[in-house]
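# Residue-level structure breakdown
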Amino acid sequence: MGHVHYTVADLERQAAFYQDIIGFKLHWQNGNAAGLGAGGHDLLRLTEVPGAREVPGTTGLYHTAFLVPTRWDLAHLLKRIAETRTPIQGLSNHLTHHAIYLPDAEGNGIELDWDLPQAQWPRSYAEMMANHRGLHPNEVFSALEDREEEWQGVSEGTTVGHVHLHVDDLDAARHFYHDVLGFDYPLDFENAPAQLRNSAAFMSAGGYHHHIATNTWQGEGAPQPPADATGLRYFTVLVPDADELARLKARLQAEGIAGEQTDEGWLIHDPAR
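Residues numbered from 1 in each chain as written. Predicted model: local features only at pLDDT ≥ 70, side-chain atom pairs only at ≥ 80, totals over all residues. Heavy atoms only, no water.

## Some details on the sheet that holds strand β7 (residues 97-103)
Whether parallel or antiparallel, the strands of a sheet pair through hydrogen bonds between backbone atoms. With respect to topology, eight strands assemble into an open sheet ordered β9-β6-β7-β8-β5-β10-β12-β11, the strand pairing being mixed. Each of the sheet's edge strands pairs with one partner strand only, and the pair in question is β9 (133-134) and β11 (200-203). Sheet analysis places β11 next to strand β12 (residues 212-215), joined by four bridges and oriented antiparallel. Bridge pairing links A200 to N215 in β12. Contacting β5 (60-68), β6 (90-93), β7 and β8 (109-115), helix α2 (residues 71-83) crosses the sheet at an angle of about 145° to β8. (Pairing = 2+ DSSP bridges. Helix = DSSP H or I, 4+ residues; strand = E, 2+ residues; numbered from the N terminus. Contact = heavy atoms within 4.5 Å. Axes fitted to C-alpha atoms, helices over the stretch in contact; angles between N-to-C directions.)

Here's what the structure looks like:
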């Protein structure tokens, strides 16, 4: 996964939140736009739109997961959150990864992740759901002992691990991301509990636990956000080469899905837009 791009109401406030709390570096700022990350490629881009406002109950972003390379990084993130008394929404051990959930300064969902070694991942949804549990803060803080040096913000190995979306039609989202774009279902998704299977889908490439997730937790037929809403403008999916991009364009054309070339790449809209 590549960078995500948000519309924001207050660029200064959002940029400060991601630097002060999440440990990002400001890569660049040009007028009403900025790029942030861990010192390499941008992970997050922000564009300020005067009068933009948070509009709940619509399709769009549920959360962006920023994946750190070590337990030590995750521990320092939780330490920073505690030191600044930043509200969080929960901590979970998903057996594939440890996660901290919180909103940013404008209500966009954040999941801060560290992946467990893949050999330890569950092999079925039954195993995952039977053992999934909350994550005690002390279990995270124990990793502060892993290294002695001072934390300087998130490491350069930090990436966008996955993007989780609110959609209006789960079948349409599955068709778009699985059948057209070619993301796989991890594990034995058909054997997931019905309540989960009927309201969400988790998809990935290369055997990962998930790169894309979609849900209808805002309700089937949830409306699209208005033009002046804060939140997700777009997210990026990186493909390995020009041949793969050409294959994807051919699949999209066969489905009658139009796209356009932009400075960022080939722009398309999913069914929930």
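## Comments concerning a nonpolar patch on the surface
Together, V237, V239, L245 and W266 line one region of the surface with nonpolar side chains, adding up to about 280 Å² of accessible area. Within the secondary structure layout, W266 lies in strand β15 (residues 265-267). (Patch = residues over 30% accessible without salt bridge, like charges linked within 9 Å, V, L, I, M, F, W, Y side chains within 5 Å. Areas by Shrake-Rupley, 256 points an atom, 1.4 Å probe, with all protein chains shown as cover. Salt bridge = Lys/Arg side-chain N within 4 Å of Asp/Glu carboxyl O.)

## Some words on the packing of aromatic side chains
Tallied over the entire structure, the rule returns seven aromatic pairs. Each ring, one from Y62 and one from W217, has its centre 5.4 Å from the other, and the planes form 85°; the classification is edge-to-face. Of this pair, Y62 sits in strand β5 while W217 is found in the loop between β12 and β13 (231-235), placing the two residues 155 residues apart along the sequence. Measuring from ring centre to ring centre gives 5.9 Å for W121 and Y208, while their planes differ by 65°; the resulting arrangement is edge-to-face. One end of the pair, W121, is in the loop between β8 and α3 (125-131); the other, Y208, is in the loop between β11 and β12, with 87 residues separating them in the sequence. Y208 shares its class with W121; the two are buried. Through a chain of ring-to-ring contacts, the aromatic side chains of F17, Y18, F24 and F66 assemble into a single cluster. Here K249 stacks its cationic end above the ring of W266, 4.3 Å away from the centre of that ring. (Phe/Tyr/Trp six-rings, centres within 6.5 Å; stacked < 30°, edge-to-face > 60°. Buried < 20%, exposed > 50% of the residue type's maximum accessible area, 1.4 Å probe, protein only. Lys NZ or Arg CZ within 6 Å of the ring centre and 35° of its normal.)

## Side note on helix α7 (residues 242-254)
Between the first and last C-alpha of α7 there are 18 Å, a value that for 13 residues agrees with the 18 Å anticipated at 1.5 Å per step. Of all the positions in α7, only E244, L248 and L252 are classed as buried. The buried residues of α7 all sit within an arc of 80° when viewed along its axis, so they share a single face. Of the residues in α7, the exposed ones pointing more than 90 degrees away from the buried face are A242, D243, Q253 and A254. Contacts made by the buried residues of α7 are with α5 (170-180) and β15. The positive-phi residue at the C-terminal boundary of α7 is G256, with phi of around 75°. (Expected span 1.5 Å × (residues − 1). Arc of directions from axis to C-beta.)

## Concerning the pattern of salt bridges
Counted under the stated rule, the structure contains 11 salt bridges. Between R45 and D42 there is a salt bridge, with its nearest N and O atoms 2.8 Å apart. With a shortest N-O distance of 2.9 Å, E244 and R247 are connected by a salt bridge. With E244 and R247 both in helix α7 and three residues apart, the pair spans about one turn of that helix. Each of D42, R45 and E264 takes part in a single network of salt bridges with overlapping partners.

## Quick look at the sheet that holds strand β4 (residues 42-48)
Taken together, five strands build an open sheet; the order of strands is β2-β3-β4-β1-β13 and the sheet is mixed. Edge positions in the open sheet fall to β2 (25-30) and β13, since each of these has one partner strand only. Sheet twist, expressed as the average angle between the axes of neighbouring strands with direction ignored, equals 20°. As defined by bridge partners, strand β3 (residues 33-37) adjoins β4 across five bridges and the pair is classed as antiparallel. Residue A33 lies in a different strand from β4, and its bridge partner there is T47.

## Considerations on the nonpolar core
For soluble globular proteins, the rule of thumb is that nonpolar side chains tend to be buried together. Counting residues in hydrophobic clusters, the biggest one holds 66 residues, and the most contacted among them are Y18, I22, F24, F66, L112 and Y177. When residues of this core are assigned to their parent elements, the largest contribution, six residues, is made by α2. Setting aside residues up to four positions removed in sequence, F66 forms contacts with V4, Y18, F24, L43, I110, E111, L112, D113, T159 and V160. (Core = buried A, V, L, I, M, F, W, Y, C linked by side-chain atoms within 4.5 Å.)

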